[in-house]
Amino acid sequence: MSKVIKKRYTEEADYGFNLRTAREEARRCLLCLDPPCSKGCPAGTDPGSFIRSIRLNNIKGAAETIRSNNILGGSCARVCPYDRLCEEACSRTGIDKPIQIGRLQRFAIEQEKAFKMKVLEAPKKKKPFKVACVGAGPASLACAAKLALEGYQVTIYEEKEKAGGVLTYGITPSRLPEHVVAHDIKTVKDLGVKFVFGTKVGRDVDLNDMDYDAIFIGAGLWGDKLPDIPGVDKEGVWTAVEFLKTARVEKTKFKPGENVIVIGGGNVAIDCAVTAKLLGAKNVRIVYRRSIEEAPADMKEFKYALKLGVSITTEMAPAEVLGQDRVEAMAFTSRDGVSTAKFKADDVVFAIGQKPEDMTAIAAVKVNEKGEIKATKSGKTNLAKVFAAGDVVSGGKTVVEAVAEGKEAAESIIAYLAKKEGVK
Amino acid sequence: MAVKKDLSIEYLGVKCENPFFLSSSPVGSNYEMVAKAFETGWGGVFFKTVGIFVADECSPRFDQNDKNGLPWVGFKNMEQISDKPTEVNFENIYKLKRDYPDKIMVSSIMGSTEEEWRELAKMSEQAEADLIECNFSCPQMTSHAMGSDVGTNLELVEKYSRAVAESTKLPVIAKMTPNITIMEPAAIAAIKGGAKGVSAINTVKSITSLDYENLTGMPVVNGVSSISGYSGTAVKPIGLRFIANLAQCKELEGVPLSGIGGIETWNDALDYILVGARNVQVTTSVMQYGYRIVEDMISGLSYFMDERGFDSVDELVGLALPNLVPAEELNRDFKIIPKIDLDKCVGCGRCYVSCYDAAHQAIDWDDKKRRPTINDNCVGCHLCLNVCPVKDCILPGEIEWKEGRTPTEIKVKHYYD
């Protein structure tokens, strides 16, 4: 019998390092001349530098490197797919196995809080420009922080009650504890960034009427996406977004049914399955229409789900949601067309990708057929004063990439406003 | 099948079952400890030093330091000689010898006057110890009439050695301090006084690291600290040097040596034996790991002897000495250019960094391929070979002769651990 891990919903999925174990791990680092890990980080968190700091017992310096380079360094330390970013690049792999960079980052950034460090400080003298950011997820937070550090006055508008976007309303707390997200957000707030919650831009306010010199849209993907199959309107059918949000808000009060089927092959699907399992569902099954090899989810996430006892069925596509008013089972057809299957289900969660809400309600930006904003790599849209980045542009990538894109868009905004500076 | 070798060796007329001894320290302080050590396989014990003076110890009294998070690179000890009544110690020595007649009991003693040394020698003999070791070297005694201050004073070393040798028929060993520029004169003084063997090294006077809370050294005793003895892996090279010096000293020819300092594995022990020690004494690694480490010393040395075709430890004693020569005797006519195995190279660039910043800028770095190449600046210092983290990636390669020098047959090291 396989040993399955049993954890509570809010219990941390993984252990961290302490000073001693962190230094032991840092000792394995080859201290590369041109650290490939640093090049492997989209957000430029620079593991090469912070690991060397840990090795040389400069723990505060390590925390400083992380926070200065990545405003969401705490959250990224928990949710980054290291195995295909910095750790994949690690030279040590040529000898045995990569340095546990994610875990070292987690340790170092934890010291920032432990030592009550204040790494970042916004200039006292503010620039005479106001920028509005739409959405309080990773891209917006990164963009806002960068702008605030340059002295711009930034306000973030968020529809929900809390900041963080997917960090707060998506990813399971076992993988990303709330206090980690809260501390990352606090560092943004401490830079003087203002937050307006419970306010949906385009519905509750119109930024075009207000005196903002630039607008950044980092609204993420919060639109429902359900497949076009019979029965999706039944009770007990969820979108991943709704399912995860409900779990994050209601926590252990949320009781999924005994049998939960999650459909999809990305990290979000795994988050849904893990959430269901941790909240007490007895049988949780991930069903994905393609193969493991084609699945966008990270192997370490698949492994974690397996360790919790989640079963994974591949190459089966959803065909129909069965039941009276409420879902009772799910029918699938196999990729090769040979077989069909029916699995009992009390809840069915579709984690088949998300789509943006109507972004044209915010500004007259051009969008593609999926509703994603058309923007350049540096976050420029068709409108001079409107910028966009993160999932709302990319269609959904990682937190660290959203941070990188948000930062880059901030650079574009800075360049755009610098041109106007002479005028004001 | 497990290799079992006869590791026995004669030492000062006493047959020892193996060359592995506990040194006089906290690891051999009472009956139960030494009995357990014997049962585990140690060949003998230099019992915790006995004096007329009974030590009053401070707390805490130990500290260790690390490198990059690797603990116990070195160890600092502020403990003095035994804190048990003199008679109790000799009674323990007596009982241990009675109960373990095949094991070697060495009575380590320390007096503060000639009289005390004589008395301790007699008591050692009465306790039926096999040998006596005079501790001239403990660097943390509270009295300057004792310890390493004595060991650096040739007159006192000779006088006290004589006092002990005259008072007993047991062979006398002098334990030397490394807190001295050259050890040979002190060892010669001990032999002149009547000592038959020499042990080295005792601990090195040290401050391991500073405590920022109290602005003193470690360990902190009521807000302050003292300089005291350092031991462990970090001091092994120093111990080896002193043993080799003593072994190569003409005036000390034939004097059996006992090697001490940073011995943890069979290799460490073998190193001491190869430079002239007939046995080794161990403390620090036992403090870290316990008596059980002797099992791997016995097994490891047996495998080595089996592999190399040695039948007795005696054959190994001093084998490396002819090959340890003064710097002026080294052949300086050639350089061995390292060879980099690019298939093994992981591209970390450490060889490049070290060569550029600390050697001769003799490595070119291809930053696209992330691979090093050795250029004509190479002097054959082998710093690159020493920093490379990949086993056998950088090894000795071509021999180049300096201009105008005559090529001869050169011996090269091929295998690196």
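Each value, and the rule that gives it
Residues numbered from 1 in each chain as written. Chains lettered and ligands numbered in written order. Predicted model: local features only at pLDDT ≥ 70, side-chain atom pairs only at ≥ 80, totals over all residues. Heavy atoms only, no water. Helix = DSSP H or I, 4+ residues; strand = E, 2+ residues; numbered from the N terminus. Rg over C-alpha atoms; globule rule 2.2 N^0.38 Å. Buried < 20%, exposed > 50% of the residue type's maximum accessible area, 1.4 Å probe, protein only. Contact = heavy atoms within 4.5 Å. Areas by Shrake-Rupley, 256 points an atom, 1.4 Å probe, with all protein chains shown as cover. Lys, Arg positive; Asp, Glu negative; His and termini not counted. Charge placed at Lys NZ, Arg CZ, Asp CG, Glu CD. Buried area = accessible area lost by both parts, 1.4 Å probe. Salt bridge = Lys/Arg side-chain N within 4 Å of Asp/Glu carboxyl O. Polar contact = N/O pair within 3.5 Å; in protein donor to acceptor, adjacent residues only side chain to side chain. Nonpolar A, V, L, I, M, F, W, Y, C, P; charged D, E, K, R; others polar. Pairing = 2+ DSSP bridges. Axes fitted to C-alpha atoms, helices over the stretch in contact; angles between N-to-C directions. Domains from an automatic or database assignment. 1 Å grid on protein atoms, 1.4 Å probe; cavity = no way out; pocket = protein on both sides within 12 Å on 5 of 7 lines; lining within 4 Å. Points joined across faces, edges and corners; volume = space filled by probe spheres on them. Parallel < 35°, antiparallel > 145°, perpendicular 65-115°, else oblique.

A closer look at the overall build of chain A
Counting secondary structure elements, chain A contains 15 helices and 13 strands. A compact globule built from 424 residues should have a C-alpha radius of gyration of about 22 Å, and chain A, at 22 Å, falls within 12% of that. For chain A, buried positions account for 55% of its 424 residues. Considering only residue pairs separated by 6 or more positions, chain A has 71% of its internal contacts joining residues 24 or more positions apart. By element, 50% of the accessible surface of chain A is carried by carbon and sulfur atoms, the whole surface being about 18,700 Å². Averaged over its 67 positive side-chain charges, chain A has a centre that lies 5 Å from the centre of its 56 negative ones.

Details of the overall build of chain B
Secondary structure summary: chain B contains twelve helices and 21 strands in total. With respect to the principal axes defined by its C-alpha atoms, chain B has extents near 75 × 55 × 45 Å. The buried share among the 417 residues of chain B stands at 53%. For chain B, the proportion of contacts with a sequence separation of at least 24, taken over those separated by at least 6, is 70%. Of the roughly 19,600 Å² of accessible surface on chain B, 50% is carried by carbon and sulfur atoms.

What to know about the interface of chain A and chain B
At the interface, 15 residues of chain A touch 17 residues of chain B. Carbon and sulfur atoms make up 53% of the surface buried where chain A meets chain B, a total of about 1,300 Å² over both sides. Among the residues chain A hides against chain B, the three largest losses belong to Arg27(A), Leu30(A) and Leu33(A). Together they make up 40% of the total. Put simply, chain A and chain B have two salt bridges between them. In this structure, Arg370(B) and Asp34(A) form a salt bridge, with 3.0 Å as the shortest nitrogen-oxygen distance. Across the chain A-chain B interface, the total number found is seven residue pairs in polar contact (both at pLDDT 80 or more). At three residues, helix 1 (residues 19–28) of chain A tops the list of elements feeding residues into the side of chain A that touches chain B. Looking at the side of chain A that touches chain B residue by residue, the classes come out as eight nonpolar, two polar and five charged.

Regarding the sheet that holds strand 11 (residues 340–344) of chain A
Residues and elements named next belong to chain A. The three strands are arranged 9-10-11 in an open sheet whose pairing can be described as antiparallel. Strands with a single pairing partner mark the edges of an open sheet, and in this sheet they are strand 9 (316–323) and strand 11. Within this sheet the neighbouring strands show an average axis-to-axis angle of 25°, counted without direction. Both strand 9 and strand 10 (residues 327–334) contribute to a ladder of seven bridges, which runs antiparallel.

Overview of the domain arrangement of chain B
Structurally, chain B comprises domain 1 (9–323) and domain 2 (331–401). Taking only C-alpha atoms, the centre of domain 1 of chain B and the centre of domain 2 of chain B are 41 Å apart.

Describing the layout of surface pockets
Residues and elements named next belong to chain A. Estimated volume of the second largest pocket: approximately 880 Å³. As for the second largest pocket, its lining consists of 30 residues, and the residues nearest its centre are Asp14, Tyr82, Glu87, Arg103 and Lys300. Sorting the residues of the lining of the second largest pocket by element identifies helix 1, helix 5 (73–79), helix 6 (86–89), helix 7 (101–114) and helix 13 (299–307) as the ones contributing at least two each. The element that contributes the greatest number of residues to the lining of the second largest pocket is helix 13, accounting for six residues. Residue contributions to the lining of the second largest pocket reach at least three from each of two domains, namely domain 1 (19–114) and domain 3 (237–350).

Observations regarding the domain arrangement of chain A
Residues and elements named next belong to chain A. Its domain assignment divides chain A into domain 1 (19–114), domain 2 (130–222 + 355–421) and domain 3 (237–350). With centres defined by C-alpha atoms, the gap from domain 1 to domain 3 works out at 33 Å. The tally of links between domain 1 and domain 3 comes to two residue pairs in polar contact (both at pLDDT 80 or more). Here the side of domain 1 that touches domain 3 is built from residues that sort into three nonpolar, no polar and two charged.

Remarks on unusual backbone geometry
With omega at 10°, the peptide bond leading from Ala200(B) into Ile201(B) counts as cis. In this structure, the amide linkage connecting Met218(B) to the following residue, Pro219(B), adopts the cis form with an omega of -5°. Notably, Glu315(A) is not glycine yet its phi reads approximately 60°, a positive angle. Tracing the backbone shows Glu315(A) in the loop between strand 8 (311–314) and strand 9. Of note, Asn68(B) is a non-glycine position whose phi angle comes to about 50°, a positive value. Along the chain, the position of Asn68(B) falls in the loop between strand 6 (62–67) and strand 7 (70–77).

Points about the environment of Lys413(B)
Residue and element names in this part refer to chain B. Within the secondary structure, Lys413 sits in the segment after strand 21 (394–401). On the basis of relative accessibility, which here comes to 47%, the residue Lys413 falls in the partly exposed class. The spacing of Lys413 and Pro396 is 17 residues in sequence and 7.5 Å in space, taken between C-alpha atoms.

A word on the packing of helix 4 (residues 59–69) of chain A against helix 7 of chain A
Helix packing for two helices is described by the angle between their axes and how far apart those axes are. Residue and element names in this part refer to chain A. The N-to-C vectors of helix 4 and helix 7 enclose an angle of 100°; their axes lie 8 Å apart at closest approach. When the axes of helix 4 and helix 7 are compared, the pair comes out roughly perpendicular. Where helix 4 approaches helix 7, its residues Ile59, Ala62, Ala63, Ile66 and Arg67 are matched on the opposing element by Gln105, Phe107, Ala108, Ile109, Gln111 and Glu112. Grouping the amino acids of the contact of helix 4 with helix 7 by side-chain chemistry returns seven nonpolar, two polar and two charged.

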